[in-house]
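Commentary on secondary and tertiary structure
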Amino acid sequence: MYQKELNAIKKSGRFRQRKVWDKELIDFASNDYLGLANNKKQLKKALNLLDEYTIHSPKASMLVNGYHEIHERFEQSLAKLNGFEEGIVVGSGFLANVSLIEALVRKKDMLFIDEEYHASGMMTTGLLADRVVKFRHNDPNDLEEKLKKFNGDGRKIIAVEGVYSMSGALCDRAIFDLVDKYEALMIVDEAHSSGVIGENLLGIFEYYNIEPHERHIKMGTLGKAYGSYGAYILASSHIISFLINRGKPIIYSTAPSVIDTALALVNIETVAKNSSKYYEKIQKRYEIIEKHLGIRSQSLILPIEMPTNSTTIEMQKHLIKKGFLVGAIRQPTVEKPILRVIPRVGSSKKSLEKLFQNLKKT
Ligand SMILES: Cc1ncc(COP(=O)(O)O)c(C=O)c1O
């Protein structure tokens, strides 16, 4: 039924397949930045926590009776840790972005979104008709020009990522200043910055020493540095309350998995307690990158540009033969194909050195 389309995808070198990878491969591909995904001690802690309660499944929407004590504990602890008034746990980062963008951009409002924002946000802009303006990637000048042109009386909402998922670039500090200058609302997707940057690994707000205020909204995922699955939104209480009343994926979806939330809670507590240890480990990875590639990395996403989609796949295969797994990201996900290397704490420094030696040889 879709053979013609599939053939076209194959012809352009964009055909994707899911696969269970060999666990012996050294993982430089996943977003498990801190190596928590195989930490059985943490899993046991989460299971013990869950055991304290009679109910372990969400059963219904949060707004019926799916809201669990563990959800509540998680939200309160994360909001406090990050200096936000309130938080809400959401099923996934994709759903969190859909909720935010669909619900917050009302009639007369305008969304200003970075052109490289995650697909979940971009897809949702399709629901906004003419209430969206894309600005050039991480470009405060272009954003300001567009903000100036907007003379409606609705809200201005700016959407950016803390660390961009493909380039590893940090959101420009000047964009935070524009938020204040134009009294805009700001959505920051911290999927790749929470648990990775800032002295206590709290993300971009901490990295820039910015105290969250009522126009800041932080969204983050639990399936990356925090070694679980799901997502959260942190904001002022009245925005959280509005999302509970208007965010469709929050209202019309079963509450997030309780076991995943418990795992995220114990992992976030562990990361907070050991943040200086993790911070040091991350800095060591940056030193290795600098030594081998001469790049001063600011995040745990290292993109290596490749000439074509097919050479990207060939290079990935070559590295697999040597025992390493890296991401092969092709168009249309990125403009130019890249090897996406994640110098994660979960894989040893020695193996990272070996990976770079292999890259240099080819
Ligand atoms: C920047 C960014 N936002 C949102 C998401 C979606 O999060 P989730 O995987 O929890 O749906 C991802 C990737 O997964 C991402 O990279």
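All values derive from a computational prediction rather than experimental measurement.

1. A short note on the sheet that holds strand β1 (residues 26-28)
The pairing of strands in a sheet happens through backbone hydrogen bonds and is either parallel or antiparallel. The four strands are arranged β1-β10-β11-β9 in an open sheet whose pairing can be described as mixed. Edge strands, defined here as strands with exactly one partner in the open sheet, are β1 and β9 (302-305). Neighbour-to-neighbour, the strand axes of the sheet open up by a mean angle of 35°, direction not taken into account. By the bridge criterion, three bridges tie β1 to strand β10 (residues 324-329) in an arrangement that is parallel. Looking at β10, one finds that Asp27 is bridged to Leu325. Sitting on the sheet, helix α14 (residues 309-321) is in contact with β10 and β11 (338-341), with an inclination near 170° to β10.

2. Details of the domain arrangement of the chain
For the chain, the assigned domains are domain 1 (13-33 + 300-356) and domain 2 (41-273). Here domain 1 and domain 2 have C-alpha centroids that lie 27 Å from each other. Domain 1 puts 11 residues into the contact, and the matching count from domain 2 is 11 residues. Every element with two or more residues in the side of domain 1 that touches domain 2 is listed here: β9 and β11. The residue makeup of the side of domain 1 that touches domain 2, split by class, is eight nonpolar, one polar and two charged.

3. Quick word on the nonpolar core
Among the nonpolar cores identified, the biggest contains 98 residues, and Ile157, Ile217 and Ile233 are the most heavily contacted of them. Examining the composition of this core, we find that eight residues originate from one element, helix α12 (residues 258-273), more than from any other. Taken domain by domain, this core gets at least three of its residues from each of domain 1 (13-33 + 300-356) and domain 2 (41-273). Those residues within four positions of Ile233 in sequence are excluded, and the remaining contacts are Gly87, Ile88, Val90, Ala96, Leu100, Ile217, Met219 and Leu243.

4. Description of unusual backbone geometry
A cis geometry characterises the amide bond from Gln331 onward to Pro332, with omega recorded as 10°. Relative to the helices and strands, Pro332 is located in the loop between β10 and β11. Phi angles above zero are rare outside glycine, and Ala129 is one such case at about 55°. Ala129 gets classed as exposed once you count the C-beta atoms within 10 Å, which come to 7. Within the chain, Asn209 stands out as a residue other than glycine whose phi angle is a positive 60°.

5. Quick notes on the site of the ligand
Neighbouring the ligand are 14 residues, the closest being Ser92, Gly93, Phe94, His118 and Ala191. When residues in the shell around the ligand are grouped by element, the largest group, three residues, is from helix α5 (residues 93-104). Split into classes, the residues belonging to the shell around the ligand amount to three nonpolar, nine polar and two charged.

6. Here's the deal with the environment of Ala79
Note on placement: Ala79 falls in helix α4 (residues 69-82). When the C-alpha atoms of Ala79 and Ala235 are compared, they prove to be 8.2 Å apart, with 156 residues separating the residues in sequence.

7. Some thoughts on the sheet that holds strand β6 (residues 185-189)
With mixed pairing, seven strands are arranged side by side in an open sheet as β2-β8-β7-β6-β5-β3-β4. Looking at the sheet topology across the chains shown, the edges are occupied by β2 (86-90) and β4 (132-135). Going from strand to strand, the sheet's axes swing by 20° on average, the running direction of each strand aside.

The rules we used
Residues numbered from 1 in each chain as written. Predicted model: local features only at pLDDT ≥ 70, side-chain atom pairs only at ≥ 80, totals over all residues. Pairing = 2+ DSSP bridges. Helix = DSSP H or I, 4+ residues; strand = E, 2+ residues; numbered from the N terminus. Axes fitted to C-alpha atoms, helices over the stretch in contact; angles between N-to-C directions. Contact = placed C-beta atoms within 7 Å. Domains from an automatic or database assignment. Nonpolar A, V, L, I, M, F, W, Y, C, P; charged D, E, K, R; others polar. Core = buried A, V, L, I, M, F, W, Y, C linked by C-beta atoms within 7 Å. Buried ≥ 20, exposed ≤ 12 C-beta atoms within 10 Å, placed from the backbone. Near = placed C-beta within 6 Å.

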